[in-house]
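Listed below are the residues making up each chain.
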Amino acid sequence: MTTLVTGATGNTGRHVVAELVRRGERVRALTRDPAANAGRFPAEVELVAGTHTAPEKLDGALHGVSRLHITVTAGLAEVGPELVKRAVAAGVRRITVLWGGWVGPVEQAVADSGVEWTRLEAQEFMSNTLTWAESIRTEGVVREPYDFPSALVHEADIAAVAAVALLDDGHSGHAYNLTGPESLTTSERIAILARRLGRPIAFERITHEQAVERLMATGVSRADAEYVIGWHAEPTDDSTTVDDTVARVIGRPARTFTQWVDEHADRF
């Protein structure tokens, strides 16, 4: 059976592809530019051109696919239900969906699809820390408005849960809250980075509005920027409380933030 992974070059999608390949599965990776991304994947991965935000052009990519992984990204809310409809019509019988932070149109369409599904309700990604990389490299400083706690989860652990849900029975109809094994404040994350890098890193507080404007400068809408920064101002219990779901599903402890830093220290 073949699994189609959307968002295959993203922070989590590439890990989903790698985990499925590790388990000996046939994988089809969806990317806007297969030629440019060919070197990023093992030779056995089939790269197909397209984007999940244009589902009307994905009939070929969906042909022969029995399992589908969807990452909810900007622009998918409007067309995601059509993607799910076409996938089911093409013969997909098991779907994992990495949510966009709430149960929106795509997540609901998956739940209503009539096929086996698992929703991955991942909390903050450890890879969000990479937004600090440039200021740490060039200035030795991190600028954020809030010193909030977060039970960050490693992207590879999200992918491992996705692979289990796609390949193994017993996960249909479940919404899995995914966190890492510890809840860390912004200050605590900075301290871990500083120890690993062997140099001091300052923490400078900026205003809520400055944080919103900084995010908007990357192309994010004001509404989405306000949502993200507002979540930092008032994080939910799910995002701050350690949950053992990752360990229970994949059968090993969730990766720590220190492990993530060791893997990415060269980026800082």
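Right above here is the structure, for reference.
No experiment lies behind these values; they were computed from the predicted model shown. Numbering of residues starts from 1 in every chain and runs along the sequence as written. Owing to the predicted nature of the model, reporting of local features is limited to residues with pLDDT of at least 70; listing and counting of side-chain atom pairs is limited to 80 or more, with chain, interface and lining totals taken over all residues. Side-chain numbers come from the whole structure's heavy atoms, not from hydrogens or water.

## Some remarks on the nonpolar core
Here's step 1: Counting residues in hydrophobic clusters, the biggest one holds 28 residues, and the most contacted among them are Val17, Leu20, Leu120, Ile158 and Leu178.
Here's step 2: Runs of H or I in DSSP of at least four residues are treated as helices and runs of E of at least two as strands, each being numbered from the N terminus. Those elements that provide at least two residues to this core are helix H1 (13-22), strand E2 (26-31), strand E6 (116-122), helix H7 (155-167), strand E9 (174-178) and helix H12 (245-250).
Here's step 3: By definition in these notes, contact holds between two residues if any of their heavy atoms fall within 4.5 Å. Residue contacts for Ile158: discarding those within four places in its chain leaves Thr12, Leu98, Leu120, Ala122, Phe125, Val153 and Leu178. For this analysis, a nonpolar core means a set of buried residues of the types Ala, Val, Leu, Ile, Met, Phe, Trp, Tyr and Cys, connected via side-chain atoms within 4.5 Å. For every residue, the accessible area (1.4 Å probe, protein chains only) is compared with the maximum for its type, and the residue is labelled buried under 20%, exposed over 50%, or partly exposed between those bounds.

## Remarks on the packing of aromatic side chains
Here a ring pair, both rings aromatic, is described through the centre-centre distance and the interplanar angle of the planes.
Here's step 1: Each pair of aromatic rings taken from Phe, Tyr and Trp, with Trp reduced to its six-membered ring, is defined by centres within 6.5 Å and is described as stacked if the planes are under 30 degrees apart, edge-to-face if over 60, and tilted in the remaining cases. A full pass over the atoms with the stated rule returns four aromatic pairs.
Here's step 2: With 5.0 Å between their ring centres and 75° between their planes, Trp102 and Tyr227 make a pair best called edge-to-face. One end of the pair, Trp102, is in the loop between strand E5 (94-98) and helix H5 (105-111); the other, Tyr227, is in helix H10 (residues 222-233), with 125 residues separating them in the sequence.
Here's step 3: For the pair Trp260 and Phe268, a centre-to-centre distance of 6.2 Å together with 70° between the ring planes defines the contact as edge-to-face.
Here's step 4: Among the aromatic residues, ring-to-ring pairing joins Phe257, Trp260 and Phe268 into one connected group.

## Quick look at a nonpolar patch on the surface
Here's step 1: Together, Trp102, Tyr227 and Val228 make up a nonpolar patch on the protein surface, roughly 280 Å² of accessible area in all.
Here's step 2: Within the secondary structure layout, Val228 lies in helix H10.
Here's step 3: Judged by its relative accessible area of 32%, Val228 falls in the partly exposed class. Nonpolar side chains (Val, Leu, Ile, Met, Phe, Trp, Tyr) within 5 Å and like charges within 9 Å form the patches, drawn only from residues with over 30% relative accessible area and no salt bridge. Values of accessible area rely on a 1.4 Å probe in the Shrake-Rupley scheme; residue burial ignores everything except the protein chains shown. By definition here, a salt bridge exists when the distance from a side-chain nitrogen of Lys or Arg to a carboxyl oxygen of Asp or Glu is within 4 Å.

## Observations regarding the sheet that holds E6
Here's step 1: Two strands qualify as a pair provided that DSSP identifies no fewer than 2 bridges between them. Judged by pairing direction, the sheet is parallel, and its seven strands sit side by side in the order E3-E2-E1-E4-E5-E6-E9 without closing on themselves. The sheet terminates laterally at strand E3 (46-49) and E9, the two strands that pair on one side only. On average, each strand axis in the sheet is inclined to that of its neighbour by 20°, with strand direction left out of account.
Here's step 2: For E5 and E6, the ladder comprises five bridges, and the chain directions are parallel. From the neighbouring strand, Leu98 faces E6, where its bridge partner is Leu120.
Here's step 3: Of the strands in this sheet, strand E1 (2-5), E2 and strand E4 (65-71) are in contact with H1, which crosses E1 at around 165°. To obtain each axis, a line is fitted to C-alpha atoms, and for helices this fit is confined to the stretch in contact; angles are then taken between N-to-C directions over 0 to 180 degrees.

## As for H1
Here's step 1: Burial runs high along H1: seven of the ten residues are buried.
Here's step 2: Buried within H1 we find Gly13, His15, Val16, Val17, Glu19, Leu20 and Val21.
Here's step 3: Just past H1, the residue Gly24 takes up positive phi, approximately 80°.

## What to know about the environment of Glu82
Here's step 1: Structurally, the position occupied by Glu82 is in helix H4 (residues 80-90).
Here's step 2: Along the sequence, Glu82 and Ala109 sit 27 residues apart, while their C-alpha atoms lie 8.7 Å from each other.
Here's step 3: As used in this structure description, the phrase polar contact means that two N or O atoms lie within 3.5 Å; if the pair is within protein, one of them must be able to donate a hydrogen and the other to accept it, and residues adjacent in sequence are counted only when both atoms belong to side chains. Here the side chain of Glu82 touches Arg86 through a polar contact of 2.8 Å, side chain to side chain.

## Here we look at the pattern of salt bridges
Opposite charge on two side chains makes pairing possible when the charged atoms of those side chains draw close.
Here's step 1: Summed over the entire model, instances satisfying the criterion amount to 19 salt bridges.
Here's step 2: Across the salt bridge formed by Arg214 and Glu144, the nearest N and O atoms sit 3.3 Å from each other. Placement of Arg214 in helix H9 (residues 208-216) and of Glu144 in strand E7 (residues 141-144) is noted, with a sequence separation of 70 residues between them.
Here's step 3: Here Arg248 ties to Asp244 by a salt bridge, and the two come within 3.0 Å at their closest N and O atoms.
Here's step 4: In the salt-bridge network here, residues are joined through shared partners; they are Asp59, Glu82 and Arg86.

Geometry only, nothing functional implied.
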